[in-house]
Amino acid sequence: MFICPGCRKKFMIPICENCGNTVENQNGIWQLTDAPDIVTTGEGDKYIGYEHIGGAFSGNRKYLIDEGDTLFAEYISKITGDGVFLDLACGDGCLTVPCAKNGTKIIAGDISNTMMTILQKRAGKNGISLQNVTLCRMNALDVLIEDNSIDSAVANSVLHLISNPEKVIGEIYRVLKPGGHFICKDDAPGKTAKTGEEFADENTAFIQITNEIYASYWTKLNSVGITAKKYSWKFDRDTACRSLFSTVETKRIERNKPFFNKLTDTFLPRFSGKGFSDQVDVPDDLHKTVMEEVMIEMRGKYGELIDTIGYHGVENDILIFDYVK
Ligand SMILES: C[S@@+](CC[C@H](N)C(=O)[O-])C[C@H]1O[C@@H](n2cnc3c(N)ncnc32)[C@H](O)[C@@H]1O
Ligand SMILES: [Zn+2]
């Protein structure tokens, strides 16, 4: 199923019979690649791995299992059946963990060991076994898995972090079996706009405060020559996939559940913990100083509202795009 990182022939983890290369296991994670955690300079393809973002990525909710992810995982597990699901750039496991709960066989790969350690903790805290999960440190630009060997794959929320997302889609296409599924998820737009009138003022203020925090932070950093790092945020995945895969099926999962995202549980711990990918090139000490200045400004302007305010929304429907090889 895997390709040896030494001689690039088929092999079974951990030892390659062809070249003798042994893949190390670090705390339950096979170290299939020695590619860097992050590449933002140089000639070749660039990507933003989350090794230093990990702890802050999911705010204070990093060990919870989200209801929307559970619904998406149900679809993945059903399509995968007894086959193997590849969760590429699995991160802290928002899909691997609920799919593991469904008993699905999974290869979960990410360039960040830190993110996968959180995945393991998330599974542990929810009493979910990872016995059917092979966790690998893996580069989505060079997937060390045999051609035509995987039944379903997801690369959720990662293509925008990579300078060459077409290459990642090419890798997914290559490793899928004929008839295999590349399953993507988008939020159907519009539903949050239907939030009840009673919260309209709070929601407007929430958006204003988060925008101001973001703008003030980046204005200060831009003035010393540091800019937000973004690669393929405008990449048109659907067009790329439709030209490669033979068919696409779409499905809408209805959701109407109200939610409340408190600023101090979601945006703020993530932003102040450098949990957004565009903060990747901001030096830690400068980040700390600038963040302190921004929060003094915001507290001066909004006072205790900062500690209570949040966004009241209704979960968007989930749109699934299932591209079949
Ligand atoms: C925004 S997170 C998404 C994680 C997860 N798929 C989810 O939906 O929550 C992006 C993930 O992509 C990973 N990543 C970035 N570049 C990568 C690469 N070249 N190969 C593998 N993983 C990569 C990061 O380490 C991070 O865990
Ligand atoms: Zn080998």
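Residues numbered from 1 in each chain as written. Chains lettered and ligands numbered in written order. Predicted model: local features only at pLDDT ≥ 70, side-chain atom pairs only at ≥ 80, totals over all residues.

1. Considerations on the overall build of the protein
- The helix and strand inventory of the protein stands at 10 helices and 13 strands.
- Its C-alpha atoms give the protein a radius of gyration of 21 Å, near enough to 20 Å, the size a compact globule of 325 residues would have.
- Sequence separation of at least 24 residues holds for 77% of the intrachain contacts in the protein that already meet a minimum separation of 6. (Helix = DSSP H or I, 4+ residues; strand = E, 2+ residues; numbered from the N terminus. Rg over C-alpha atoms; globule rule 2.2 N^0.38 Å. Contact = placed C-beta atoms within 7 Å.)

2. Some points on the environment of Pro258
- Assignment of secondary structure puts Pro258 in strand 11 (residues 258-262).
- Each C-alpha atom, one on Pro258 and one on Met295, is 29 Å from the other, the two residues being 37 residues apart in sequence.
- Those residues in contact with Pro258 that sit more than four places away from it in its chain are His312 and Val314.

3. Overview of the nonpolar core
- The biggest cluster of nonpolar side chains holds 66 residues, and the ones touching the most others in it are Leu88, Ala140, Ala153, Ala155, Ile162 and Ile172.
- The greatest single-element share of this core, amounting to 5 residues, is contributed by helix 4 (residues 113-125).
- Not counting residues within four places of it along the chain, the set of residues in contact with Leu88 comprises Gly109, Ala140, Val143, Ala153, Val154, Ala155 and Ile172.
- In this structure, Phe206, Tyr217, Phe267 and Phe271 belong to the second largest nonpolar core, which totals 10 residues. (Core = buried A, V, L, I, M, F, W, Y, C linked by C-beta atoms within 7 Å. Buried ≥ 20, exposed ≤ 12 C-beta atoms within 10 Å, placed from the backbone.)

4. Side note on the domain arrangement of the protein
- If you check the domain split of the protein, you get domain 1 (2-189 + 232-257 + 316-324) and domain 2 (191-229 + 258-312).
- A C-alpha centroid distance of 29 Å is found between domain 1 and domain 2.
- Contacts between the two partners involve 16 residues from domain 1 and, on the opposite side, 15 residues from domain 2.
- Taken together, the residues of the side of domain 1 that touches domain 2 sort by class into 7 nonpolar, 6 polar and 3 charged. (Domains from an automatic or database assignment. Nonpolar A, V, L, I, M, F, W, Y, C, P; charged D, E, K, R; others polar.)

5. Quick notes on helix 9 (residues 284-302)
- In a regular helix each residue adds 1.5 Å, so 19 residues correspond to 27 Å; helix 9 covers 26 Å between its end C-alpha atoms and thus fits that length.
- Just downstream of helix 9, Gly303 is the residue with a positive phi angle, here 55°. (Expected span 1.5 Å × (residues − 1).)

6. What about the packing of helix 5 (residues 165-175) against helix 7 (residues 237-244)?
- Closest axis-to-axis distance for the helix 5/helix 7 pair is 11 Å, and the angle between their directions is 40°. Seen along the crossing, helix 5 lies across helix 7 with a hand that is right-handed. Where helix 5 abuts helix 7, its residues Glu166, Ile169 and Tyr173 lie against Ala240, Cys241 and Leu244.
- For the contact of helix 5 with helix 7, a count of residues per class yields 5 nonpolar, no polar and 1 charged. (Axes fitted to C-alpha atoms, helices over the stretch in contact; angles between N-to-C directions. Left-handed = near helix turned anticlockwise from the far one by under 90°.)

7. Regarding the sheet that holds strand 10 (residues 247-253)
- Spatially, the 9 strands line up as an open sheet ordered 3-4-7-6-5-8-9-13-10, and their pairing is mixed. The open sheet has two edge strands with one neighbour each: strand 3 (25-26) and strand 10.
- Bridge count between strand 10 and strand 13 (residues 318-324): 7 bridges; the pairing is antiparallel. Bridge pairing in strand 13 links Lys251 to Ile320.
- Strands in contact with helix 5 are strand 5 (84-88), strand 8 (150-154) and strand 9 (176-187); relative to strand 9, the strand with the most contacts, it is inclined by about 140°. (Pairing = 2+ DSSP bridges.)

8. Side note on the pairing of strand 13
- When strand 9 meets strand 13, the two strands line up antiparallel, connected through 7 bridges. Residue His181 lies in a different strand from strand 13, and its bridge partner there is Val324.

9. Here's the deal with the packing of helix 6 (residues 200-223) against helix 9
- Relative orientation of the contacting elements helix 6 and helix 9 amounts to 140°, with a least axis distance of 10 Å. Comparing their axes, helix 9 and helix 6 come out oblique. As helix 6 runs across helix 9, the sense of the crossing is right-handed. Together, Ile209, Glu212, Ile213, Ser216, Tyr217, Lys220 and Leu221 of helix 6 and Val290, Met291, Glu293, Val294, Glu297, Met298 and Tyr302 of helix 9 make up the contact between the two elements.
- Of the residues in the contact of helix 6 with helix 9, the class split is 9 nonpolar, 1 polar and 4 charged. (Parallel < 35°, antiparallel > 145°, perpendicular 65-115°, else oblique.)

10. Here's the deal with the pairing of strand 7 (residues 133-137)
- In terms of burial, strand 7 is largely enclosed, as 4 of its 5 residues are buried.
- Of the pairings in the sheet, the one linking strand 4 (residues 29-31) to strand 7 comprises 2 bridges and is parallel in character. In the strand pairing of strand 7, Gln31 is matched with Arg137.
- With 5 bridges joining them, strand 6 (residues 105-110) and strand 7 adopt parallel strand pairing. Paired with Ala108 across the strands is Leu135, a residue of strand 7.
- For the crossover from strand 6 across helix 4 to strand 7, the handedness is right-handed. (Right-handed = clockwise from strand over helix to strand, strands pointing away.)

11. Describing unusual backbone geometry
- Between Ile13 and Pro14 the backbone carries a cis peptide bond, its omega angle lying at 15°.
- Position of Pro14 relative to the elements: it lies in the loop between strand 2 (10-11) and strand 3.
- For Lys274, which is not a glycine, the phi torsion comes out positive at approximately 55°.

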